[in-house]
Amino acid sequence: MASWYPLLFSIFFSVIAVSVADDCNLPLLHRAVLTATSSLRDRGPQSAKLDDGNAWTAASSDFDQYLIIDLGQVMNVTGVSTQGRPHTSEYVMEYGISYGSNGYDYADYKAPDGNIKMFKGNRNGDHAHRNIFEVPIIAQWIRVNPTRWRDRISLRLELYGCDYVADNLYFNGSSLVRWDLMRDPIAALRESIRFRFRTNSADGVLMYSRGTQGDYFALQLKDNRMLLNVDLGSGMMTSLSVGSLLDDNVWHDVVISRNRREIVFSVDRVMIQGKVKGEFARLNLNRGFYIGGVPNRQVGLSVVQNFTGCMENLYLNSTNFIHEIKNHDQYSTIVYDIVNTFHHCPDLPIIPVTFLTEKSHARLQGYEGVRSLNVSFNFRTYENDGLLIFHKFTSEGYLKLFLEEGKVKVEITTAGNPRVLLDNYDDMFNDGMWHHVILSVQTNKLIINVDGRPMTTERLLTMTTGSLYLIGGGVYGNKGFVGCMGQITIDGNYKLPTDWKEEEYCCENELMFDACHMIDRCNPNPCKHEGICHQTSKEFFCDCSHTGYSGAVCHTSLNPLSCVAYKNVHSVGQRNNVIIDVDGSGPLKPFPVTCEFLADGRILTHLSHRNEETTMVDGFQEPGSFIQDIMYDADMDQIEALINRSTTCRQLLQYTCKNSRLLNSPVHDNQFRPFSWWVSRYNQKMDYWGGSLPGSHKCECGIMGGCIDPTKWCNCDAGLESWVTDGGDITQKEFLPVRQLRFGDTGNPLDEKEGKYTLGPLICEGDGLFANVVTFRVTDATINLPAFDMGHSGDIYFEFKTTKESAVFIHSKGPTDYIKIAIIDGDQLQFQYMAGAGPLGVSVETSYSLADDNWHSVLVERNRKEARMVVDGALKAEVMEPPGPVRALHLTSDLVVGASVEYQDGYVGCIRSLLLNGQLADLKGYADRGLYGVSSGCVGKCESNPCLNNGTCYELYEGYTCDCRWTAFKGPICADEIGVNMQPSSVVKYNFVGSYRSTISEKIRVGFTTTNPKGFLLGMFSDISGEYMIIMISNSGHLRIIFDFGYERQEVIFPNQNFGLGQYHDVRISREDSGSKLVIQVDNYEPYVTKFNIKASADAQFNNIQYMYIGKNESMTEGFIGCISRVEFDDIYPLKLLFQENGPSYISTLGTPVNEDFCGVEPVTHPPEIIETRPPPEVDEDRLRSIYRRTDSAILGGVLAIIFLALVIMAVLIGRYFARHKGEYLTQEDKGADGAPDPDSAVVRAATGHQVQRRKEWFI
């Protein structure tokens, strides 16, 4: 991807320029509402605006914190600026952005590779950093998710953009816009096109144009993907395709940019790069430029349909084409032909219906008593078999259209004629794509047309139609259709599915209207190890018969452990119907749930029951006389395991009543006699209602003090004649789920007393399995679990994250047997064991590093036939047990996690989700006890950002390393200065030979100290263009910046400071706003900003930089006297290059030789870490006493004393060796200016003068 960046800059420059030209750069937060997932007191989201004196600070610094901005309406958002908390080290270094239109569902802002884009944040708490959205965000809701931060998550920000104005064109499939290029042909080396569109058609021509020299440009939808075909006149077509499922009637963003033969194609910010074939670079178009369709078939088009749908804000370069069409002037030289287009986007009445089960079907009416029929519809399914249409004639016979083994077939029987089966198509139509069917029957003739391919059958057919058509099923003995249908037309009549009456379909909750609820579960293939995937509308199946695996994905368990586990290995939608197995290989059976994946990262598990619909209660007067047992899709053992593993659970319980009392409140003298109640998991009669608290005898309104009758504790207990409701969530896990409901006080069927209840599904959140994480931070740290009885068969599953290449994960021993799981050389996992007959082993070697600080999974299983290991759910190896009887593994020692039983070959890193025979081992619980070298959570050394000055931290868990390559510093934490002590004739020269650089915005840094108030610090020059930039100290001690970038000479002086007093100063200089603004930051003083009035025709670019000089240039007679360090020019660090071993030839010194110096700046150091030592083992006192009784106490005591004294002396010597420090340092402290307001004034007022002394430190 790195090679893309220069190209991407040029490609998207035109897009950004459009936004700038439109002044779409206004602050947006003045009318926004800010909220957050959490915040500290007095640091709420209302303080999160740029330049606010405070900041939003999250209550906990983790990856689940969000700052949410509601802009009040859909806006065009073009950029964001961020700051941290002022004057602190609390700031966000990296963050992600998501956006949405309703505040509930969010889409992540994607990087070109399709991953979530991580935006660069701040380097300190004060300075703002701005990011531009290459493709603007069109949304009302923006959400910021910090992913890296310093100290704490603290953030201030501003969004920039403008009101969103939508210029639309609607195309109906016969529409098009033609732009006549005969007068003004296009001959371009580069162009950019961007627009938004939505459609429910899988194919269609969006844009097309061609020239007389063979050039053409064809943009089209094909099979739900965007396809671009281009030819620059070479006769060779270049095709690029991106996106999928684009017929979902949702807005999608498209950007196409070409620079000569380089082309970038983006849909929803997911980008692909290509190079146009051939030698030509110019696109020559001089025919019509068509939008939305073409009048006839054209070269380069792969589809024949015109576009059906809406296009919005179509920009050709910087021109809004649709806006131009809407405001077309009769005197304009641009000629347009507009055919059947509209300037608004209608909501088309195309409403699909999903048949969710084999029992679901529709019963639609047609013309009765006629001798012909016509049925047409669209369908898509993954089922092999299913009834599509069934019609019984008034005369003898019937017509049946159905799927069998994925093929469309027709069966017809008429009076006096035998049954006829028509199998005219060899294609498989259960591929999940939309297919269009037209079936027409008349006397002696039947025509079936599938996807535009008609098949005609002529034979004796005489029939009279009936009135009823069964769609999708409803015929006994025939498997019903499961999938989606749309545009169902009977004898030319179309009725919207949403208008179907209750008697026209079956059954409630088995059909879904206005949505096609289907998932392509086999793309990508979820079956690992070459398993073959088959799928139905509900689930996929893996054929593991030839892989040696079993389970849903040819793994150990048939189904995932939970919804969280399902998401970890599957691509998911917002809701998925899943069968889970909460204990993996344990005794509990799998059961079905619905998994909901929220936009904020939370995962909910819905466990359904058979009584989720609102149910009337009437005619049950006695308390609890109405009894409803709740039958869940799982038994109580399964539900209990799900609840125990989940973080929280809840279940909605609601009662709506009229003249029907509920809890008979208030309760007097603790005499609780309710009319209705619910029964808990353990068959307890519960004394509170949903939304209330155990033991309260109240409903939610009684707890909150909001009941309609203040004297009652429930709304229903007021006995009102109008409908009122009591309800809420039951959240006490120990009582869930609701096992039974009991109701009373509903009178008889003839009175006005009645009620209705609603019991929602059991909803649980989270999975404690994946939250059970520990970190091993010392190589000999371990967690000792009880002995593991692996016996004849057993399995171990865990996930790890480390940078250590060789270590032992798990080890246990018996008298002769053992098991050991280890990582070897970073790319191999090994399972060794011995079960009495000799050691056996199985290993998996990967083509990638397993020590890459990413999570990897390991499954080890040993059974009566084999031992096998599965890595990352995909890579497997196995070893067969030797012939003969299989011995059980006999392990007597602790199951040691983190090292061997001898505390050797230790592991450092994180381990989570340790399952032993399907049972969770609570590693976190052990770590919370304060074990040596182990902590809960996955926290590495780099979490604290120990590498300074933007150094890159590499995690080791027991330590870290800092990469200082992209800083001007060196040392273990990138804090050591690299400076040079300059003499009047000293010069450091950097030559840009072979890579001359031109810049429009620079980042320059230089640190210095001097007592000579004049001199040249740093300069960049170009002999080619005559342009230059010089940073120097004037004779008066002021900082001067002089430059000439071709439009005029400029000079800027940093005011009110004398820089020649021997103090160290850190200067940062940058140019912004296309070179028109110069920002000077010196030390911690306020930035000094200078703006220049650059004419539109002027060029502010610093062109062809050839040389960089430090101290003086070659034409000067006398240079800077003092020390210079921290020299940076964008990504160039000349002093670091100068003093590195075998440095490059393009950096050199002239005049008096120079030596490396640290300019009197002592490097920052972190406090020394506390060295952890393993506590002494627990001693068996009785055994120790018995040993002493058999030994001469005096001799033993003397020996122990000598050993102890030797150990103490050795520890002292080792400690002195590691704590030694050699080196020199300079002190630069002025004497006698205690009352000075700042260091510079202290120098001026000093009584003794500025002292620079070289001191040495000795150990004695």
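Residues numbered from 1 in each chain as written. Predicted model: local features only at pLDDT ≥ 70, side-chain atom pairs only at ≥ 80, totals over all residues. Heavy atoms only, no water.

**Digging into the overall build of the chain**
Then, number 1: The number of helices and strands found in the chain is 11 helices and 86 strands.
Then, number 2: Residue burial in the chain is summarised as follows: out of 1260 residues, 51% are buried.
Then, number 3: Taking all contacts inside the chain whose residues are at least 6 apart in sequence as the whole, residues at least 24 apart take part in 68%.
Then, number 4: With the model as given, the accessible surface of the chain reaches about 58900 Å², and the carbon-plus-sulfur share is 50%. (Helix = DSSP H or I, 4+ residues; strand = E, 2+ residues; numbered from the N terminus. Buried < 20%, exposed > 50% of the residue type's maximum accessible area, 1.4 Å probe, protein only. Contact = heavy atoms within 4.5 Å. Areas by Shrake-Rupley, 256 points an atom, 1.4 Å probe, with all protein chains shown as cover.)

**What about the pairing of strand 81 (residues 1107-1110)?**
Then, number 1: Burial along strand 81 is two-sided: Y1107 and Y1109 and M1108 and I1110, pointing in opposite directions, are all buried.
Then, number 2: Relative to strand 81, strand 70 (residues 987-991) is paired through 4 bridges, and the arrangement is antiparallel. Bridging across to strand 81, V988 finds its partner in I1110.
Then, number 3: Taken together, the 4 bridges between strand 73 (residues 1015-1021) and strand 81 define a ladder with antiparallel strand orientation. Directly across from G1019, in strand 81, lies its bridge partner Y1109. (Pairing = 2+ DSSP bridges.)

**Comments concerning the sheet that holds strand 77 (residues 1065-1072)**
Then, number 1: Taken in spatial order, the 7 strands line up as 79-78-77-72-82-69-84 in an open sheet, and their pairing is antiparallel. The open sheet has two edge strands, strand 79 (1088-1091) and strand 84 (1156-1157), and neither has a second partner.
Then, number 2: Across 4 bridges, the pairing between strand 69 (residues 979-982) and strand 82 (residues 1122-1129) is antiparallel. Paired with V980 across the strands is I1124, a residue of strand 82.

**Quick word on the sheet that holds strand 59 (residues 839-845)**
Then, number 1: The 6 strands are arranged 54-63-56-57-58-59 in an open sheet whose pairing can be described as antiparallel. A strand with exactly one partner marks an edge of an open sheet, and here the two such strands are strand 54 (783-785) and strand 59. Averaged over all pairs of adjacent strands, the angle between strand axes in this sheet comes to 15 degrees, irrespective of strand direction.
Then, number 2: Summarising the sheet, strand 56 (residues 807-813) and strand 63 (residues 895-897) pair through 2 bridges and their orientation is antiparallel. (Axes fitted to C-alpha atoms, helices over the stretch in contact; angles between N-to-C directions.)

**Looking at the nonpolar core**
Then, number 1: In this structure, W678, W689 and L741 are the most contacted members of the largest nonpolar core, which totals 54 residues.
Then, number 2: With 5 residues, helix 4 (residues 636-645) is the largest single contributor of residues to this core.
Then, number 3: With 45 residues, the next largest nonpolar core counts V778, A781, L785 and F831 among its residues. (Core = buried A, V, L, I, M, F, W, Y, C linked by side-chain atoms within 4.5 Å.)

**Some points on the packing of aromatic side chains**
Then, number 1: Taken as a whole, this structure holds 46 aromatic pairs when the rule is applied.
Then, number 2: Where F798 meets F809, the ring centres are 5.3 Å apart and the plane angle is 55 degrees; that geometry is what we call tilted. Within this pair, whereas F798 is found in strand 55 (residues 794-801), its partner F809 is found in strand 56, the two being separated by 11 residues in sequence. Comparing F798 with F809 shows no difference in burial state: the two are buried.
Then, number 3: Seen from their ring centres, F992 and F1129 are 6.3 Å apart, and the 80 degrees between their planes marks the pair as edge-to-face. Residue F992 is found in the loop between strand 70 and strand 71 (997-999), and its partner F1129 is found in strand 82; the two are separated by 137 residues along the sequence. Of the two residues examined, F992 and F1129, each falls in the buried class.
Then, number 4: Its end group placed over the ring of W713, K698 keeps NZ or CZ at 4.9 Å from the ring centre. (Phe/Tyr/Trp six-rings, centres within 6.5 Å; stacked < 30°, edge-to-face > 60°. Lys NZ or Arg CZ within 6 Å of the ring centre and 35° of its normal.)

**Structural notes on the side chain of N772**
Then, number 1: Relative to the helices and strands, N772 is located in the loop between helix 6 (768-771) and strand 53 (773-776).
Then, number 2: Judged by its relative accessible area of 6%, N772 falls in the buried class.
Then, number 3: A polar side-chain atom of N772 sits 3.0 Å from the main-chain amide nitrogen of L923.
Then, number 4: Not counting the four nearest positions on each side in its chain, N772 is found in contact with I911, R912, S913, L920, A921, D922, L923 and K924. (Polar contact = N/O pair within 3.5 Å; in protein donor to acceptor, adjacent residues only side chain to side chain.)

**Quick word on the pattern of salt bridges**
Then, number 1: Tallying each qualifying case throughout the model produces 54 salt bridges.
Then, number 2: Close ionic contact of K970 with E1156 constitutes a salt bridge, the shortest N to O distance being 2.5 Å. Note that K970 is positioned in the loop between strand 68 (960-963) and strand 69 and E1156 in strand 84, a separation of 186 residues in sequence.
Then, number 3: Between D1066 and R1005 there is a salt bridge whose closest N-O contact spans 2.8 Å. Taken together, the residues span a long stretch of sequence, with D1066 in strand 77 and R1005 in strand 72 (residues 1003-1009) at a distance of 61 residues. (Salt bridge = Lys/Arg side-chain N within 4 Å of Asp/Glu carboxyl O.)

**A word on the state of the cysteines**
Then, number 1: According to the stated counting rule, one finds 13 disulfides in the structure shown.
Then, number 2: Residue pairing for C649: its cysteine sulfur links by disulfide to C764, the two sulfurs lying 2.0 Å apart. Taking the torsion about the sulfur-sulfur bond, which here is approximately 110 degrees, the covalent link between C649 and C764 counts as right-handed. In this pair, C649 sits in strand 48 (residues 648-658) while C764 sits in strand 52 (residues 754-765), placing the two residues 115 residues apart along the sequence.
Then, number 3: Judged by its relative accessible area of 4%, C649 is buried.
Then, number 4: What makes C764 buried here is its relative accessible area of 1%.
Then, number 5: Disulfide pairing is shown between C910 and C938; the S-S distance is 2.0 Å. When the S-S torsion is 85 degrees, as for the bridge of C910 with C938, the disulfide is right-handed. (Disulfide = S-S within 2.5 Å.)

**Brief notes about the environment of K589**
Then, number 1: Relative to the elements of secondary structure, K589 occurs in the loop between strand 43 (575-580) and strand 44 (591-597).
Then, number 2: Each C-alpha atom of the pair K589 and Q638 lies 7.4 Å from the other, and the pair is 49 residues apart in sequence.
Then, number 3: Discounting residues that sit within four places of it in the chain, K589 has contacts with D581 and Q638.

**Side note on the environment of A874**
Then, number 1: If you trace the backbone, A874 turns up in the loop between strand 61 (866-871) and strand 62 (875-880).
Then, number 2: Between the C-alpha atoms of A874 and C527, which are 347 residues apart in sequence, the distance is 9.0 Å.

**Some remarks on unusual backbone geometry**
Then, number 1: Along the chain, S665 connects to P666 via a cis peptide bond; the corresponding omega equals 0 degrees.
Then, number 2: Locating P666 in the fold gives a position in the loop between strand 48 and strand 49 (677-679).
Then, number 3: For the peptide bond that leads from L736 to P737, omega is 0 degrees, which places it in the cis range.
Then, number 4: Structurally, P737 is set in the loop between strand 50 (724-730) and strand 51 (740-743).
Then, number 5: For D51, which is not glycine, the phi torsion reads 65 degrees and is therefore positive.
Then, number 6: Mapped onto the elements of the fold, D51 is located in the loop between strand 2 (33-36) and strand 3 (56-57).

**Considerations on helix 4**
Then, number 1: With 7 of its 10 residues buried, helix 4 lies for the most part within the structure.
Then, number 2: Buried residues of helix 4: M636, Q638, I639, A641, L642, I643 and R645, and no others.
Then, number 3: Packed against the buried residues of helix 4 are strand 43, strand 44, strand 45 (603-607), strand 48, strand 52 and helix 6.
Then, number 4: N-capping of helix 4 is provided by D635, with a side-chain oxygen placed 3.2 Å from the backbone N of D637.

**Section: the side chain of S154**
Then, number 1: Along the chain, the position of S154 falls in strand 9 (residues 154-163).
Then, number 2: A polar side-chain atom of S154 sits 2.9 Å from a polar atom in the side chain of E90.
Then, number 3: Sequence-distant contacts of S154, defined by excluding residues within four places in its chain, comprise R43, W56, T57, Q83, G84, R85, E90, Y91 and V92.

**Side note on the confidence of the model for the chain**
Then, number 1: When pLDDT is averaged along the chain, the result is 85; 89% of the residues meet or exceed 70.
Then, number 2: Of all the helices and strands in the chain, helix 1 (residues 5-21) carries the lowest mean pLDDT, 41, while strand 29 (residues 386-392) carries the highest, 96.
Then, number 3: Low pLDDT, under 50, characterises residues 1-21; the predicted model gives this stretch 31 contacts beyond four residues in sequence or across chains.
Then, number 4: Every residue in residues 1222-1228 scores below 50 in pLDDT, and together they form 30 contacts with partners more than four places removed in sequence or on other chains. (pLDDT = per-residue confidence, 0-100.)

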